[in-house]
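Each chain, written out:
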Amino acid sequence: MKQQGPDNRPFLFSVYFKENKNMSKSYTIEEIKSIEIKWQNFWAEKKIFAADNNSTKKKYYVLEMYPYPSGKLHMGHVRNYTIGDVIARFRRMQGYNVLYPMGFDSFGLPAENAAIKNNSSPRDWTNKRMDDMVAQMKQMGLSYDWSRFLFSHDPDYYKWNQWIFIQMFKKGLVYKKKSLVNWDPVDQTVLANEQVIDGKGWRSGAEVEKKEIEQWFIKITAFVEDLLNDLDGLDDWPEQVKTMQRNWIGKSEGTIIRFDVVDENGNKIDELETFTTRADTVFGIEYVVLAAEHPKCKKWIHGKAFETEVADFIKSVEKQSLVERLGEGKDKNGKFLGVYAVNPVNGRKVPIWVADYVLMDYGTGAVMAVPAHDQRDFLFAKKYQLPVSVVIKSADKASLLADELKEAFVEEGVLVNSAQFDGTNSAKAIAAIAQWMEEKGFGCRTTTYRLKDWLISRQRYWGTPIPIYYDENNDPQPIAEDQLPVILPDDIEFGRGNPLETSESFKFYTDPNTGKKYRRETDTMDTFFDSSWYYMRYTDLNTKQIFDKDVCNYWMPVDQYIGGIEHAILHLLYSRFFTKFLKSIGMINYSEPFKRLLTQGMVLLDGEVMSKSKGNVVDPDEMIQKYGTDALRLFILFAAPPKDQLEWNDKAIEGSWRFLNRIWNFTEQYNPDFKEDVDLASLSAADKDMERERAATIKKVTEDLISYKFNTAISSLMILMNNVDKYLAGEQTPVKGSVINRLIRTVIQLLSPMTPHVCEELWQNIGSPQESIVHALWPEFDEAALKQDTVQIVVQVNGKLRGKFDVPAEISEDDLKEIVLADDSIQKFIQNKPIRKFIYIKGKLANVVV
RNA sequence: GCCGAGGUGGCGGAAUUGGUAGACGCGCCGGUCUCAAAAACCGGUGAGGGCAACCUCAUGUGGGUUCGAUUCCCACCCUCGGCACCA
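Residues numbered from 1 in each chain as written. Chains lettered and ligands numbered in written order. Predicted model: local features only at pLDDT ≥ 70, side-chain atom pairs only at ≥ 80, totals over all residues. Heavy atoms only, no water.

**Things to note about helix H12 (residues 375–383)**
Right, so step 1: By the burial criterion, the buried members of H12 are Asp 377, Phe 378, Phe 380 and Ala 381.
Right, so step 2: Those residues of H12 that are buried lie in contact with strand E12 (287–291), strand E13 (334–342), strand E14 (349–355) and strand E15 (366–369).
Right, so step 3: Of the residues trailing H12, Gln 385 is marked for its positive phi of about 50°. (Buried < 20%, exposed > 50% of the residue type's maximum accessible area, 1.4 Å probe, protein only. Helix = DSSP H or I, 4+ residues; strand = E, 2+ residues; numbered from the N terminus. Contact = heavy atoms within 4.5 Å.)

**Comments concerning the packing of aromatic side chains**
Right, so step 1: Taken as a whole and assessed by the stated rule, the structure comprises 51 aromatic pairs.
Right, so step 2: With 4.8 Å between their ring centres and 80° between their planes, Phe 90 and Trp 778 make a pair best called edge-to-face. With Phe 90 in helix H3 (residues 75–93) and Trp 778 in the loop between helix H25 (756–765) and strand E31 (790–797), this residue pair connects regions lying 688 residues apart in the sequence. Each member of the pair, Phe 90 as well as Trp 778, carries the same accessibility label: buried.
Right, so step 3: The interplanar angle of 85° and the centroid separation of 4.8 Å between the aromatic rings of Phe 529 and Phe 578 together place this pair among those described as edge-to-face. Placement of the pair is Phe 529 in helix H15 (residues 527–530) and Phe 578 in helix H18 (residues 570–584), with a sequence separation of 49 residues.
Right, so step 4: We classify Phe 578 as buried; its relative accessible area is 0%.
Right, so step 5: Joined through ring pairs, the aromatic side chains of Phe 165, Phe 169, Trp 202, Trp 216, Phe 223, Trp 454, Phe 528, Phe 529, Tyr 574, Phe 577 and Phe 578 make up one cluster. (Phe/Tyr/Trp six-rings, centres within 6.5 Å; stacked < 30°, edge-to-face > 60°.)

**Thoughts on the packing of helix H20 (residues 629–639) against helix H21 (residues 652–668)**
Right, so step 1: Orientation of H20 relative to H21, taken along the N-to-C sense of each, is 120°, at an axis distance of 8 Å. Comparing their axes, H21 and H20 come out oblique. Read as a crossing pair, H20 and H21 show a hand that is right-handed. Counted together, Asp 630, Ala 631, Leu 632, Leu 634 and Phe 635 of H20 and Ala 652, Ile 653, Ser 656, Trp 657, Phe 659 and Leu 660 of H21 form the full contact between these two elements.
Right, so step 2: Of the residues assigned to the contact of H20 with H21, the class counts are nine nonpolar, one polar and one charged. (Axes fitted to C-alpha atoms, helices over the stretch in contact; angles between N-to-C directions. Parallel < 35°, antiparallel > 145°, perpendicular 65-115°, else oblique. Left-handed = near helix turned anticlockwise from the far one by under 90°. Nonpolar A, V, L, I, M, F, W, Y, C, P; charged D, E, K, R; others polar.)

**Let's talk about a negative patch on the surface**
Right, so step 1: Negative charge collects at one region of the surface, where Glu 813, Asp 814, Asp 815 and Glu 818 lie side by side.
Right, so step 2: In this fold, Glu 818 is placed in helix H26 (residues 813–822). (Patch = residues over 30% accessible without salt bridge, like charges linked within 9 Å, V, L, I, M, F, W, Y side chains within 5 Å. Areas by Shrake-Rupley, 256 points an atom, 1.4 Å probe, with all protein chains shown as cover. Salt bridge = Lys/Arg side-chain N within 4 Å of Asp/Glu carboxyl O. Lys, Arg positive; Asp, Glu negative; His and termini not counted. Charge placed at Lys NZ, Arg CZ, Asp CG, Glu CD.)

**So, the sheet that holds strand E5 (residues 174–184)**
Right, so step 1: Strand order in the open sheet formed by four strands is E6-E5-E9-E19, with antiparallel pairing between adjacent strands. Edge strands, defined here as strands with exactly one partner in the open sheet, are strand E6 (189–191) and strand E19 (454–455).
Right, so step 2: Examined bridge by bridge, E5 and E6 share three bridges and lie antiparallel to one another. By the bridge assignment, Trp 183 is partnered in E6 with Val 190. (Pairing = 2+ DSSP bridges.)

So this is what it looks like as C-alpha cells:
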C-alpha cells in the first residue's frame, strides 16, 4: 500500500520500494532472452540507429574491420564488436550523429576452395555464411545502421573496385610486368610480398616458390614518402602499428657507387652500380658481389670457360625457396665471375662475384664488399680466401690488424687508410665521402625502400575481375567506364587452371561501338583491394557514383577504427595508399583514413590463442544462450582493457551475470512514481555523500569511456552500487528515496552503452520521457557537487603510513600540524626526535620528517 | 641483431604531472537460507609475526635521486609482438 507523505510525496521504505522486498531474485535466462529480442526488434522497427547524411550535428564515425564471412562469430569478433558498439552508443548519447555500419569482406579463397570441394557455388556458400553471421550480430544487439550493409561480392560494390582500378591505370599507377613473383603451389596463385610470411603463403602455409610470370602491379611506391611521413601525424595510432609500418616501408638513405667493369687485362667492358649505407668504408672494398638474379651475371660469363659451372650455380640459387634461402646463419656461397670492378676512390681492381647472400630486390642487387667492416662480407671473404683490409678503427684504440680479426668491426669509428679522410669519424665521413663522390662523379646519394609495388592479380575465381581487355597489339586497355561492372561469370569450371579462362561468356570482350571482339584479362584482384576503401562506401550507398563527395568528406575520416593487430601492415597500409590516391585525383579532401586506431588484444583460453585447430574455442553462441548477450558483453569489457589480451574465464562471467541481476532487482523493486527532485536543503551528510558519489561516478565513467577504460568504468559502477547498499542500510527517509531515484536513473544510463538490453528494459520500466534510452542525453554533473566538506588526510612519519585523520577540507597546514602532532599514535613514532620538516599535500597527505 | 610493448596477490586486473600498493571482479574460507544441495545474500581473504592494538616485508633483479618510488634515472634479467643475409 502506498502512503502519502507531506506535499503528497510517498515516503518510507515500503513506498519508495515496492512491497516485494525479495532483493535476491535471479532472473531466468528466458526472461533475459525475451527482453533482448523485444528491444532488438524495437530498435530495428524505430530505425533508432540510422545515421543521418544531412545532419548539422557533429559527426562521429565508428568502424570495426569488416569480417570475412567464415560462418560463425568467434570470441575475437565478439570482443571487437562489443568495443565498437559501446563507443557508438556512448557517442550517440553524447549527442553526436553517429555512423556505425557493418559489412562483409566476402570475396576470397575459402569460399572458392569450399565450392570446389563440395561442387557448389562460392556465391551460395558465402551468402549462407553472411546470413548466419548477421543473425549472430543482431543477437548481440549491435547498434549497426543495417541500411548501409555492404559486401564485396555485390556487383554494385565491386563495380567501384574496377572503377578505381581504371583511375589508377589512367594515372599510370597500375602496370603489368613480367617479374619474379611469389607463387603459392597449394592455392595455385601468386601472392603479394606482404602475403608471404617466413617464406610461406599466408593462407595455405605452403612454401612459396619464385616464378617469372607477367602480373599486374599497383605502384604503391609512388606514395612511399607520404605513407612514411604521415605516420608521424597519427597521434592516436598505437606506436606498435606505426613502427611495423615504418619497418615494412624500410627507408634507408645511402649512396650508389658506379664502378667501371674491366676484364683481366684492364680493358673496360661494362659498368655496375652498388648501393651502400656505409660510404665511410669505401676505401676497404675488396670485392663486389651480385645477386644470382642480376642480369649482368649471365652477360659477363658468356663464352667463358667456366660459364656452365657458374650458370649452374646461379640456377641452383634461383631454384631455392625463400625458406631455404633466408634461413638464419646460412652458409654463404658464391662464384667468381671472371671480371673486375675498379674502385673509383682509389683505382683498385677488385674481383666481381655472384653470391647467394645478395638480394636482387633491394638496392641495386649488387653490393660493394668490405670484409673488415661487414660481418657477411667477412664470412664470405674468409671462406673464399679473399683479402681483408681495415679502414675504420675504434676511436680510443690503436688500429685493428686485419689478420687478427675474428669478426667484422661493424661499429662506427675513425677512418684509417682512407686517404684524405683519415681521422674523420664515421658519421661525418659517410656524409663527406658521399658528397665528395658525387662531386667527382663516382656515385650519387640515394634513398631506397624495402616496400615494393603491390602485386594485385590473382589466378583465382572468387574476386573482382580486372577490367581490362587486350587490343590488336596485345596492349592492355581499360574497359569503358559505362560498361562497368565487369560481371563475374557463373559458367566457369574449376580445376583447369585460371577459372575465368574457362568461361565462354567471359573470355571475350565485344567493343560496344565497333562490335569487335577482344581477349579479356582473366585474372581477378587481390581481395585486399576490396577492403582498401569500403569504409568510404558506407558513407553513401545509394548514389550512382562511388560515393557522394560531400557526404564522404562529412563522415570521413573514420573517428575510431577497431580491429586486430594482424592487419597492422597489409590492410592499413593499402587503405592509407588508397586514401592518398583518391585525394590526388580530387575525390576526397583528407589524406589519412583512420584518425584513431584501436587494436584489440586476442582472446585466450588457458594462455593460448583460441583456434579451431587447437580445439580450445569458447563458442560465444553458447555463452549467449547461457548468460545472455549483456552478461557476455559486460564480462568481455570488464575482464581486461581493450588493448590487452583477454583470458577467458568461465567463472568470471558469472560475476557479470550477478551484477546485472543486482541492478535489475534493485530497479524492479523501486517505485517509479517517486519524485526525482532532490531538495538540497534537506540533505543529511549521508545524503550529500551519496549525491557526491553519484556525480563522481558520472565523471569517472565518462572519462573512462572516452579513453576506452571500460574495465574501470564498470568497476566504478560496481563500487557505487556497493555504497548504495550501505546508504540504504540505515534509517529510511523520503529524501533517501529521492536521492536513490536520481541515482538509479544515472546508473542505468551510464551502464546502457555496455549492457543495452537490460538497461533499455529498466529505463522503460521506471518510466521515461524518451522513446528509447538511446535518445536520453548522457548524464551531466555539477563540479561543485564533487566538493567534500571533510577529507581524510593520510599521515606519514618518515614516509611510512602511521595514521589517518578526518579534517575539514580547507584546513590550514598549521592547524593540521597541530592536530597531527598532538595525536598519540603519531607521537609514538616521533618520540622525542626533533621535527626536521612537515610536508602537506593539500587534501591528501602529510609527512612528518624527523 | 634492430624496433616496439610489457613484468604488481592463487587468477583477470587497479593505482603513475612521485603521495594510503593490491580498487573492482573471479577463486578460496566462514556464515545466513535449506531436510540437503544449487542459486542468492552477508562477512573475511598479499606474506610473515603478535592474545591484541599493531609491527615488519612486499610491485622482475641490483643500484641511484627523494621526506616519500609500482611511477623518475642508470645497469641488467625475463616474456610477448614485429622486422631481419636489407648491404
